[in-house]
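Close look at the chain arrangement
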Amino acid sequence: MIGWLQGQLTDRWQQNSRCGLLLVCQGVGYEVQIGRRHWEQLPGNASTLTLHVHQAIREDSWTLYGFEARCERDLFRELVAVSGVGPQMALGLLGSLSTEELVRAIVQADLRLLTKAPGVGKRTAERLSVELRTKLQERFGAGLNLVAPLDEDGGDGHGDTLQDGVREDLQLTLSALGYEALEINRALRAVVGQGLAEEADSEAWLREALRWLSRQVA
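Along each chain, numbering runs from 1 in the same order as the chain's sequence is written. Local features are withheld for residues below a pLDDT of 70 in this predicted model, meaning they are given only at 70 or higher, and side-chain atom pairs are given and counted only at 80 or more; totals for whole chains, interfaces and linings count all residues. For the side-chain quantities, the full set of heavy atoms in the structure was used; hydrogens and water were omitted.

Points about the overall build of the protein chain
To qualify as a helix, a DSSP run of H or I must reach at least 4 residues; to qualify as a strand, a run of E must reach at least 2; elements of each kind are numbered from the N terminus. Helix and strand counts for the protein chain stand at 9 helices and 5 strands. Residue burial in the protein chain is summarised as follows: out of 218 residues, 42% are buried. Contact definition: two residues touch when any of their heavy atoms are within 4.5 Å. Once local pairs closer than 6 in sequence are excluded, the contacts in the protein chain between residues at least 24 apart make up 55%. Reported accessibility uses the Shrake-Rupley method at a 1.4 Å probe radius. Residues are deemed covered only where the shown protein chains occlude them. Carbon together with sulfur atoms contributes 46% to the accessible area of the protein chain, which is approximately 11,800 Å² in total. Working definition: with a 1.4 Å probe on protein chains only, accessible area under 20% of the residue-type maximum means buried, over 50% means exposed, and in between means partly exposed.

Next comes the structure, spelled out in structure tokens:
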């Protein structure tokens, strides 16, 4: 299995929405598909290039996907493991958002930001958040800034009056009550939007969140 390549950039190509390059390593040329943003930032031909690689093997083809950083490749592998998310959609997500932005969007269930990527609809965005939220938080959380949640407009949540400790308690409580991560984040954003006072205790936040959730069911 090919996992890493270093060689000389010899050619670059674009076919419809797909972008790639030819990397020559010790006399062997590897054709590697990469994301559009990476492709647009490639150095000139004859430059030395290093890629972290994901190799996809099918009955009718062997395809190499290249990434600048290992964390991008690892995130790509997590994305394509989700039902309905193929390599092109995963590359589209990674091309539309930075690694940190994409992880935060999935963890915080920011559907509006996720659906900005080509081919990603609301159902797929919801599936990404539900299936990957916990896994990405555990795998990438230590190295990425995931403290501040994304708001509905894709912002960084600086206007959010809910303290991190209270938020964590609420998420644990609501999760124990059977609510999904997506429902919890929507409820907390809705309560924040209602302007609940910053000094309100966790019981008040929980009461308002449950009230909002019950209205959604009704």
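There's more to say after this.
So, the environment of tryptophan 13
As for its placement among the helices and strands, tryptophan 13 is situated in strand β1 (residues 4-15). Residues contacting tryptophan 13, with those up to four places away along its chain left out, are Arg18, Cys19, Gly20, Leu21, Glu31, Val32, Gln33 and Trp39.

Focus: the pattern of salt bridges
Salt bridges are defined by distance alone: a side-chain nitrogen of Lys or Arg within 4 Å of a carboxyl oxygen of Asp or Glu. This structure, assessed with the given rule, holds 6 salt bridges. Close ionic contact of arginine 70 with aspartate 74 constitutes a salt bridge, the shortest N to O distance being 3.8 Å. Taken as a pair, arginine 70 and aspartate 74 lie in helix α2 (residues 70-80) at a separation of 4 residues, close to a single helical turn. Using a relative accessible area of 53% as the deciding quantity, one classes arginine 70 as exposed.

Details of the sheet that holds strand β4 (residues 48-57)
Two strands pair under a simple rule: DSSP has to find at least two bridges between them. With mixed pairing, 5 strands are arranged side by side around a closed barrel as β1-β2-β3-β5-β4. Across the sheet, the axes of successive neighbouring strands diverge by a mean angle of 50 degrees, strand direction being ignored. As defined by bridge partners, β4 adjoins strand β5 (residues 62-67) across 6 bridges and the pair is classed as antiparallel. Bridge pairing in β5 places valine 53 opposite glycine 66. For helices, the fitted line uses only the C-alpha atoms of the stretch in contact; every axis is such a line through C-alpha atoms, and the angle between N-to-C directions lies from 0 to 180 degrees. Where α2 meets the sheet, it contacts β4 and β5, and its direction lies at approximately 15 degrees from that of β4. On top of the sheet, helix α3 (residues 87-96) reaches β2 (18-25), β3 (28-34) and β5; it is set at about 10 degrees to β5, its chief contact.

Considerations on the nonpolar core
In terms of nonpolar packing, the biggest core is built from 31 residues, with Leu75, Leu79, Leu93, Leu102 and Leu136 touching the most fellow members. Where this core is concerned, the elements lending two or more residues are β5, α2, α3, α4 (99-107), α5 (111-114) and α6 (122-140). By nonpolar core is meant a set of buried Ala, Val, Leu, Ile, Met, Phe, Trp, Tyr and Cys residues that side-chain atoms within 4.5 Å join together. Of all hydrophobic cores here, the second largest spans 14 residues; its members include Leu9, Cys19, Ile34 and Trp39.

Notes on a nonpolar patch on the surface
Two joining distances apply to patches: 9 Å for like charges and 5 Å for nonpolar side chains (Val, Leu, Ile, Met, Phe, Trp, Tyr), and every residue must have over 30% relative accessible area and no salt bridge. Together, Met1, Ile57 and Trp62 line one region of the surface with nonpolar side chains, adding up to about 440 Å² of accessible area. Mapped onto the secondary structure, isoleucine 57 falls in strand β4. Residue class for isoleucine 57 comes out partly exposed when judged on its relative accessible area of 46%.

A short note on α2
The α-helix advances 3.6 residues per turn, and as a result positions three or four apart in sequence lie on the same side. Looking only at α2, the buried set comprises Glu72, Arg73, Asp74, Leu75, Phe76, Glu78 and Leu79. In this fold, the buried residues of α2 make contact with β4, β5, α3, α4 and α6.

Digging into the side chain of glutamine 33
When you line up the elements, glutamine 33 lands in strand β3. Filtering out sequence-adjacent residues up to four positions away, glutamine 33 remains in contact with Trp13, Arg18, Cys19, Gly20, Thr63, Leu64, Tyr65, Gly66, Gln88 and Leu91.

Looking at the packing of α2 against α3
Packing of α2 against α3 leaves a shortest axis separation of 9 Å and a crossing angle of 135 degrees. Here α2 is positioned oblique relative to α3, judged by the angle of their axes. Considering the relative orientation of α2 and α3, their crossing is right-handed. For the pair α2 and α3, contact is made by Glu72, Leu75, Phe76, Leu79 and Val80 and by Pro87, Ala90, Leu91, Leu93 and Leu94, respectively. Note on residue categories: nonpolar means Ala, Val, Leu, Ile, Met, Phe, Trp, Tyr, Cys or Pro, charged means Asp, Glu, Lys or Arg, and polar means any other residue, Gly included. Across the contact of α2 with α3, the residue classes break down as 9 nonpolar, no polar and 1 charged. Roughly parallel here means an angle under 35 degrees, roughly antiparallel means over 145, roughly perpendicular means 65 to 115, and every remaining angle is called oblique. Handedness of a crossing follows from how the near helix is turned relative to the far one, being left-handed for an anticlockwise turn of less than a right angle and right-handed for a clockwise one.

Looking at the confidence of the model for the protein chain
In this model, the protein chain carries an average pLDDT of 83, and 85% of its residues clear a pLDDT of 70 or more. As a per-residue measure, pLDDT tells how confident the predictor is, with possible values from 0 to 100. Element-level pLDDT for the protein chain is lowest in helix α7 (residues 164-176), with a mean of 74, against a maximum mean of 96 in β3. Low pLDDT, under 50, characterises residues 145-160; the predicted model gives this stretch 38 contacts beyond four residues in sequence or across chains.

Concerning the layout of surface pockets
Two kinds of site are reported from a 1 Å grid over the protein atoms alone, namely cavities, where a 1.4 Å probe fits but cannot get out, and pockets, open sets with protein on both sides within 12 Å along at least five of seven lines, and residues are called lining when an atom falls within 4 Å of a point. Grid points are joined across faces, edges and corners, and a volume is the space filled by probe spheres set on the points. As a volume, the largest pocket reaches approximately 360 Å³. Contributing to the lining of the largest pocket are 17 residues, with Arg18, Gln33, Trp62, Thr63 and Tyr65 lying nearest its centre. Within the residue set of the lining of the largest pocket, elements represented by two or more residues are β1, β3, β4, β5 and α3. With 4 residues, the single largest contributor to the lining of the largest pocket is β5. Roughly 260 Å³ of volume is contained in the second largest pocket.

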